[in-house]
Amino acid sequence: MTAVFYIASAIAIVSTVMVITRMQPVHSLLYLIVSLLAVSLVFFVLGAPFIAALEVIVYAGAIMVLFVFVIMMLNLGREAAEQERRWIDISMWKGPSLLALVLLALMFYALHSGNPGAVSGRVVSPKEMSIALFGPYLMVVELSSILLLAGLVGAYHLARRETGNEERRRS
Amino acid sequence: MFSLLWLVPAMPFAGFVILALMGSRLSRNAIAAVGAGTVGISAVISLGLGMRFLLLPPPGHAYTVNLWTWIDVAGFTPHVALYLDALSMVMTLVVTVVGFLIHVYSIEYMRDDPGYSRFFAYMNLFVGSMLVLVLADNLLLLYLGWEGVGLCSYLLIGFWYSDPANGRAAVKAFVVTRVGDTAMALGLFLLFTKLGTLDIQDMMERASQQWAVGSGLAILAAALLLGGAVGKSGQLPLQVWLPDAMAGPTPVSALIHAATMVTAGVYLIARTHTIFELAPPVLMLVAVVGGATLLLAGFAALTQRDIKRVLAYSTISQIGYMFLALGVGAYSAAIFHLFTHAFFKALLFMAAGAVILALHHEQDMFKMGGLRKQMPVVFWTFLIGAMSLAALPLVTAGFYSKDMILYEAWSSKIGGPVFWAAGCFRAVITGLYTFRMIILTFFGEQKTAPGHGPGPFIQVPLIVLALFSTIAGFLELPRTLGDMPLFSHFLRTALPHAPLHEGSVNVEALLQIIAEVGVLGGVIAAIILFARKRRHILNLMAKPWAAALHDFWFAGWRFDALYNALFVQPYIHLAQVNKDDFIDGIYNGLARAAAAFNRALSVTQTGRLRWYMMGIAVGAVIALTLVVFL
Amino acid sequence: MIGAVPMTHGLMVAGMLFVLGLVGLLVRRNIIYMLMSIEIMLNAAGLAFIVAASRWGQPDGQIMFIVILSTAAAEVAVGLALVLRFYSRFKTLDADVANDMRG
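Since we're looking at a predicted model, the values are computed, not measured.

Draft legend 1. View of the overall build of chain C. Counting secondary structure elements, chain C contains 3 helices and 0 strands. Listed N to C, the secondary structure of chain C is α-α-α in terms of helices and strands. Residue burial in chain C is summarised as follows: out of 103 residues, 63% are buried.

See the structure below:
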């Protein structure tokens, strides 16, 4: 099982690297989906099956599909890839990479200075989660629903194309 | 009789008050009567006091009257008190008699001037202040008179204030004498804090008891008082104001800058002589200042064109003589020369004024000439005054006083022959420029035609002063000519005897002869150089070194330029630098720095998302570093 | 189900994913890519929570992940709507174009 964990982590990291280095938006999207699937596998191995399922369904299923829809709507094709190539060149990677490495080193150092112990590996079943959700974390559910409602309304309003009447009224 | 002493300064002040309050409503004659009359009454009372003093001197040869207590604070109680001894008697006589004659003169001289009552008001105020100065019992009252005459000098020099040049000359006089006055005030502070009193006689006694000869405090106090005297009397280095002070009307020049105010410095040193005797280096400095000034001014007088400026430089030079005499300890000689100088210098100024008035305010000598026949009274009185100035032998008052100074300079223990030589040389130059003045003005061809001649109000004072210029010398006959030193005998009660070698009569005679030969030589040289065609002098002037020297002396040895570069320009420069108020600049600078900081910081606001993201990442790194490592 | 995986390793994986997302955010100019990088970072944060939950054997971490997930969903919806408005306004997906708030 530990091997699965490490292999899945490696896949996630490699595919994330591919996400950020591709020129075609659709390619990086697909790599992102792979990364998410790998992370879901890690979740499963760590003993959170419900969350693993949620990851695939919501994250890889809904959010990434949203991205695909938007890319399709914007009709980003070959010229987008050309544009990307123009914008990115090797010299631009240096600064952020350095910063990222520093941050990473710091985090590693911070992590190693403690001794938190090992993962217990006990599977937390959906039943336990539900009891927790309906018990102490009731407000979480309510707040999440309000948040989603706000997101829904906001997205609808922002993305609405103006009808002809409104255009004439505005001008 | 002595109880009338307070009237002597009070009358001119009363005249001032009357003229200041009601002057514009009085007629010309009334103004003249009040103006000259008050001084006349003072003169009469002074003469009466003088006779009483001679015939029946008061006990201790000094008379003090305490009019009222001025200030009474914590042991500091200066009174308004008048002190009459031989020295102040002489000074009072000079001031009131000469002042009265000049007031009479200015009745006619200023007749056409619209500021008639203002003029007499100022003149009365001046005479009153001068009398307070010479009669003061304590130094604070003396300082009051000192400042009063300074103020009146300013007012009178700038009398014709509509011409800004006059105003500038008046301000220059005031500022330069202010430098001296400040030194004197510091001296007064020092004297009071160290000796506890400002009463002159008390102070001198305490000083001689408490301070050793040559002690630092005495030197400092004497040097500060000398500073004040130098400023008021126009000696080096503060002589620059006197020539420009000729911008005032001629009676002003006659009264203030010939006879009275400029002699206040001499009076001060003579009055506080004990302090100076306690500081021999300062006394030597007095003599050196006198000697240097008399040479400097003599050379400058040789080249002037304006007749009043010649007389101004001549005054500076003559007062240098007096300082020289004071410096070698010949106090009586200095006062005697002050006495005679008042007469002949006032006479010269008034005669020059008559010439100027007749020539419609023309003052350039090179535009005068040939006035001998047309203004005979003026000519003869001017000639008498000039002869006295040049100290022609035997018949002039100047001869006796100058001779006394020269002899005492030669035989004094401190300095002797050097000072005598300077004085002698200067006598030659005096003869030279005096007769240059006469020849240019009265002989030769006429360049400007005179208007109507002077009236009686001008002529009578001229004649009276000419008389005094001749006979006043007979009060002090030296040993070679009769040995009747009446004047110094009179003053002996107030001033100490000069320390001198007792030379023989023959030495004195020899010195006199040498000095007089020098003077006559100067006179003859002037006649040769300046009469007729003036060939020689024009040839001399053609040489470049001569012309350069001439220009140098003409500008008064360039002292004005020196002071301008040394003091005025830096001050103006500093004022310009501070014009923008550099202290405000600190606050403005703060505001500008804040604005610049804002501009610098706003560069970081690029509006680009990735830039802000970078900022967040960097901040996270920093925060994490702090947390992990600290 | 799992043995001796030290928690540190799990957190390191999460850290690496997060940093990769950060680099992608800093480098790419296209808004779509920036949003994708944000998603990566959110996912990494969630992974960290799950690792912690697994360490203690509690459901709390998983509930936290649910919160993160719903937040990410709402944010993506709104963000993509904004991208559409952005595109229709600027006719390009360059994030540097929208710098009117500079200065």
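Okay, back to it.
Draft legend 2. Quick look at the interface of chain C and chain B. Contact residues are listed per partner, giving 13 residues for chain C and 11 residues for chain B. Taken together, both faces of the contact between chain C and chain B bury some 1000 Å²; the carbon and sulfur share is 64%. Between R608 of chain B and D96 of chain C there is a salt bridge, with its nearest N and O atoms 3.8 Å apart. Summed over the shared surface of chain C and chain B, the result is 3 residue pairs in polar contact (both at pLDDT 80 or more).

Draft legend 3. Structural view of helix α2 (residues 28-55) of chain B. Under the 1.5 Å per step criterion, the end-to-end length of α2 of chain B is 40 Å for 28 residues, consistent within 8% with the ideal 40 Å. The largest bend along α2 of chain B reaches roughly 30° and is located at G37 of chain B.

Draft legend 4. Summary view of the interface of chain A and chain C. Residue-level contacts link 84 residues of chain A with 70 residues of chain C. Buried surface at the junction of chain A and chain C, summed over both partners, amounts to about 7100 Å²; 77% is from carbon and sulfur atoms. Linking chain A with chain C are 0 salt bridges. On inspection of chain A and its partner chain C, the count reaches 11 residue pairs in polar contact (both at pLDDT 80 or more). Contributing elements (two or more residues each) for the side of chain A that touches chain C: α1 (2-21), α2 (25-45), α3 (49-74), α4 (78-87), α5 (91-113), α6 (126-134) and α7 (138-159) of chain A.

Draft legend 5. Up close: the packing of α2 of chain A against helix α2 (residues 31-56) of chain C. Here α2 of chain A crosses α2 of chain C at 5°, and the two axes come no closer than 11 Å. Relative to α2 of chain C, the element α2 of chain A lies roughly parallel. From α2 of chain A, P25, S28, L29, L32, L36, V39, V42 and F43 of chain A reach across to α2 of chain C, where they touch Y33, M36, I40, N43, G46, L47 and I50 of chain C. Class assignment for the residues of the contact of α2 of chain A with α2 of chain C results in 12 nonpolar, 3 polar and no charged.

Draft legend 6. Looking closely at the packing of aromatic side chains. Residue and element names in this part refer to chain B. Counted under the stated rule, the structure contains 15 aromatic pairs over all chains. With a centroid separation of 5.3 Å and an interplanar angle of 80°, the aromatic rings of Y116 and F120 are classed as edge-to-face. Of this pair, Y116 and F120 both sit in helix α4 (residues 116-135), 4 residues apart, which is roughly one turn of that helix. For Y116, a relative accessible area of 3% corresponds to the buried category. Grouped by ring-pair contacts, the aromatic residues Y116, F119, F120, F159 and W160 constitute a single cluster.

Draft legend 7. Inspection of the environment of N166 of chain B at higher detail. Residues and elements named next belong to chain B. Among the structural elements, N166 can be located in helix α6 (residues 164-195). With 79 residues separating them in the primary sequence, N166 and A245 have C-alpha atoms 8.2 Å apart. Apart from the residues lying within four places of it in its own chain, the contact partners of N166 are I157, G158, W160 and A247. For N166, the side chain forms a polar contact with the main-chain oxygen of W160, separated by 2.9 Å.

Draft legend 8. The arrangement of helix α3 (residues 86-109) of chain B in detail. Look at α3 of chain B: 34 Å from first C-alpha to last across 24 residues, which is about the 34 Å you get at 1.5 Å a residue. A large share of α3 of chain B lies buried, amounting to 22 of its 24 residues.

Draft legend 9. Here's a closer look at the confidence of the model for chain C. Considering every residue of chain C, the mean pLDDT works out to 88; 95% of them sit at 70 or more. The ipTM assigned to the predicted complex is 0.89, against a pTM of 0.68.

Draft legend 10. Spotlight on the side chain of T92 of chain B. All names here are of chain B. Within the fold, T92 resides in helix α3. Assessed through its relative accessible area of 2%, T92 is described here as buried. Contact partners of T92, with chain neighbours within four places excluded, come to V8, S46, L131, V134 and L135.

Draft legend 11. Examining the environment of M34 of chain C more closely. Tracing the backbone shows M34 of chain C in helix α2. Given the relative accessible area of 3%, M34 of chain C is considered buried. Sequence separation between M34 of chain C and V23 of chain C is 11 residues; the distance between their C-alpha atoms is 9.9 Å. Once you skip the residues sitting within four places of it in the chain, M34 of chain C turns out to touch L609 and R610 of chain B together with L25, R28, R29 and A95 of chain C.

Draft legend 12. Here's a closer look at the pattern of salt bridges. Applying the stated criterion across every chain yields a total of 10 salt bridges over all chains. As a salt-bridge pair, R271 of chain B and D85 of chain B come within 3.1 Å of each other at their nearest N and O atoms. Of this pair, R271 of chain B sits in helix α11 (residues 264-271) while D85 of chain B sits in strand β2 (residues 79-85), and the two are 186 residues apart along the sequence. If you follow the salt bridges from partner to partner, you end up with R608 and R610 of chain B together with R29, D94 and D96 of chain C in one network.

Draft legend 13. Focus on the packing of α4 of chain B against helix α5 (residues 139-157) of chain B. Residues and elements named next belong to chain B. Contact pair α4 / α5: the axes reach a minimum separation of 8 Å and the direction vectors enclose 155°. Classified by the interaxial angle, the pair formed by α4 and α5 is roughly antiparallel. Considering how the two elements wind past one another, α4 and α5 form a crossing that is left-handed. Counting all contacts with α4, which are made through F119, Y122, M123, L125, F126, S129, M130, V132 and L133, the residues of α5 involved are L141, L142, G145, W146, G148, V149, C152, L155 and L156. Split into classes, the residues belonging to the contact of α4 with α5 amount to 15 nonpolar, 3 polar and no charged.

Draft legend 14. The environment of G291 of chain B, seen in detail. Residues and elements named next belong to chain B. With respect to the element layout, G291 can be found in helix α13 (residues 280-301). Taking relative accessible area as the criterion, G291 reaches 8% and is therefore assigned buried. For the pair formed by G291 and F419, sequence separation is 128 residues and the distance between their alpha carbons is 6.7 Å. When neighbours within four sequence positions are excluded, G291 is seen to be in contact with G320 and L324.

Rules behind the numbers
Residues numbered from 1 in each chain as written. Chains lettered and ligands numbered in written order. Predicted model: local features only at pLDDT ≥ 70, side-chain atom pairs only at ≥ 80, totals over all residues. Heavy atoms only, no water. Helix = DSSP H or I, 4+ residues; strand = E, 2+ residues; numbered from the N terminus. Buried < 20%, exposed > 50% of the residue type's maximum accessible area, 1.4 Å probe, protein only. Contact = heavy atoms within 4.5 Å. Buried area = accessible area lost by both parts, 1.4 Å probe. Salt bridge = Lys/Arg side-chain N within 4 Å of Asp/Glu carboxyl O. Polar contact = N/O pair within 3.5 Å; in protein donor to acceptor, adjacent residues only side chain to side chain. Expected span 1.5 Å × (residues − 1). Bend = angle between axes of the 7 residues up to and from the residue. Axes fitted to C-alpha atoms, helices over the stretch in contact; angles between N-to-C directions. Parallel < 35°, antiparallel > 145°, perpendicular 65-115°, else oblique. Nonpolar A, V, L, I, M, F, W, Y, C, P; charged D, E, K, R; others polar. Phe/Tyr/Trp six-rings, centres within 6.5 Å; stacked < 30°, edge-to-face > 60°. pLDDT = per-residue confidence, 0-100. Left-handed = near helix turned anticlockwise from the far one by under 90°.

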